[in-house]
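Examining the three-dimensional arrangement
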Amino acid sequence: KGSFLPAPLPEGVEVVEVPSRVCAVYSFNGFATRGAVGRAYKALLTSMATRDLRPSFEAKIEGAVLQYSTPQTLPHKRRNVLCLDLHADDVTRLELAGANSPSRGRRG
């Protein structure tokens, strides 16, 4: 696996395969300050609860904040995503219900 990827250019860079995971995500704009991430975390947990989903134990401690904008991007145009891994029981339940359930990919 991974043999279709181009070889890394810089020395010391290594491409490794990591296990897949299922996440709930929340997009938000602006600077990813502690307060903004906290508000996103609260909104994502609320949205997950309405769908009877729980974060994994590790995600409760630390979620992933993905930032897609360059430092020169104006604050209102910055794109950020908070990602929390789903609890293993919820992943299994979703897989049994079918990956293309109506709530998949829906914002909320």
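Here is a short report on the structure shown in this document.

About the criteria used
- The residue count restarts for each chain, going from 1 along the sequence in the order it is written.
- Only residues with pLDDT of at least 70 get local features here, since the model is predicted, and only at 80 or more are side-chain atom pairs given and counted; chain-wide, interface and lining totals rely on the full set of residues.
- The side-chain figures draw on all heavy atoms in the structure; neither hydrogens nor water molecules are used.
- The numbering of helices and of strands both runs from the N terminus, where a helix is a DSSP run of H or I of at least 4 residues and a strand a run of E of at least 2.
- We call a residue buried when its accessible area falls under 20% of the maximum for its residue type, exposed when it is over 50%, and partly exposed in between, using a 1.4 Å probe and counting protein chains only.
- Here, residues are in contact when the closest pair of their heavy atoms is within 4.5 Å.
- Expected span of a helix, by definition, is 1.5 Å for each gap between consecutive residues, and there is one gap fewer than residues.
- Working definition: the arc comes from the directions between the helix axis and the C-beta atoms, pointing outward to the latter.
- Basic side-chain nitrogens of Lys or Arg form a salt bridge, by our definition, when they fall within 4 Å of a carboxyl oxygen of Asp or Glu.
- To form a nonpolar core, buried Ala, Val, Leu, Ile, Met, Phe, Trp, Tyr and Cys residues must be joined to one another through side-chain atoms within 4.5 Å.
- Pairing of aromatic side chains here covers Phe, Tyr and the six-membered ring of Trp, requires ring centres within 6.5 Å, and sorts the geometry by plane angle: under 30 degrees stacked, over 60 edge-to-face, intermediate tilted.
- Two thresholds decide whether a charge sits over a ring: the Lys NZ or Arg CZ must be within 6 Å of the ring centre and within 35 degrees of the ring normal.

Points about the overall build of the protein
In terms of regular secondary structure, the protein is built from three helices and three strands. Taken from N to C terminus, the helices and strands of the protein fall in the order β-α-α-β-β-α. Split into buried and exposed, the 108 residues of the protein put 20% on the buried side. Residue pairs in contact within the protein that sit at least 24 positions apart in sequence constitute 68% of those at least 6 positions apart.

What to know about helix 1 (residues 34-50)
Taking 1.5 Å as the rise per residue, helix 1 with 17 residues should run 24 Å; its terminal C-alpha atoms sit 25 Å apart, in good agreement. Turning to helix 1, its buried residues number three or more, namely Ala36, Val37, Ala40, Leu44, Ser47 and Met48. All buried residues of helix 1 lie within an arc of 100 degrees about the axis, which places them on one face of the element. Within helix 1, the exposed residues directed more than 90 degrees away from the buried face are Arg34, Arg39, Lys42, Ala49 and Thr50. Check the buried side of helix 1 and you find it contacts strand 1 (23-29), strand 2 (64-67) and strand 3 (79-85). Immediately beyond the C-terminal end of helix 1, within one or two residues, lies Asp52, with a positive phi of roughly 60 degrees.

Considering the pattern of salt bridges
Throughout the structure, instances matching the rule amount to three salt bridges. With a closest N to O distance of 3.2 Å, Arg54 and Asp90 form a salt bridge. On the criterion of sequence distance, the pair formed by Arg54 in the loop between helix 1 and helix 2 (57-61) and Asp90 in helix 3 (residues 88-97) is long-range, its members being 36 residues apart.

Digging into the environment of Gly63
Along the polypeptide, Gly63 turns up in the loop between helix 2 and strand 2. Looking at Gly63, the relative accessible area reads 30%, which means it is partly exposed. C-alpha separation for the pair Gly63 and Leu82, spaced 19 residues apart in sequence, amounts to 6.8 Å. Contacts of Gly63, omitting those with residues within four sequence positions, involve Cys83 and Leu84.

Remarks on the nonpolar core
Ala24, Phe28, Leu44, Met48, Leu82, Leu84 and Leu86 are the most contacted members of the largest nonpolar core, which has 13 residues in total. Listing elements by their share of this core, those giving two or more residues are strand 1, helix 1 and strand 3. When residues of this core are assigned to their parent elements, the largest contribution, five residues, is made by helix 1. Setting aside residues no more than four positions away along its own chain, Leu44 makes contact with Ala24, Val25, Tyr26, Leu82 and Leu84.

Re the packing of aromatic side chains
Counted according to the given criterion, the structure contains zero aromatic pairs. Stacked on the ring of Tyr68, the Lys or Arg Arg79 has its end atom at 4.4 Å from the ring centre.

Observations regarding the side chain of Arg78
Tracing the backbone shows Arg78 in the loop between strand 2 and strand 3. Non-local contacts of Arg78, meaning those with residues more than four positions away in its chain, are made with Phe28, Asn29, Gly30, Phe31, Ser69, Thr70, Pro71, Gln72 and Thr73.

Purely spatial values, then, with no claim about function.
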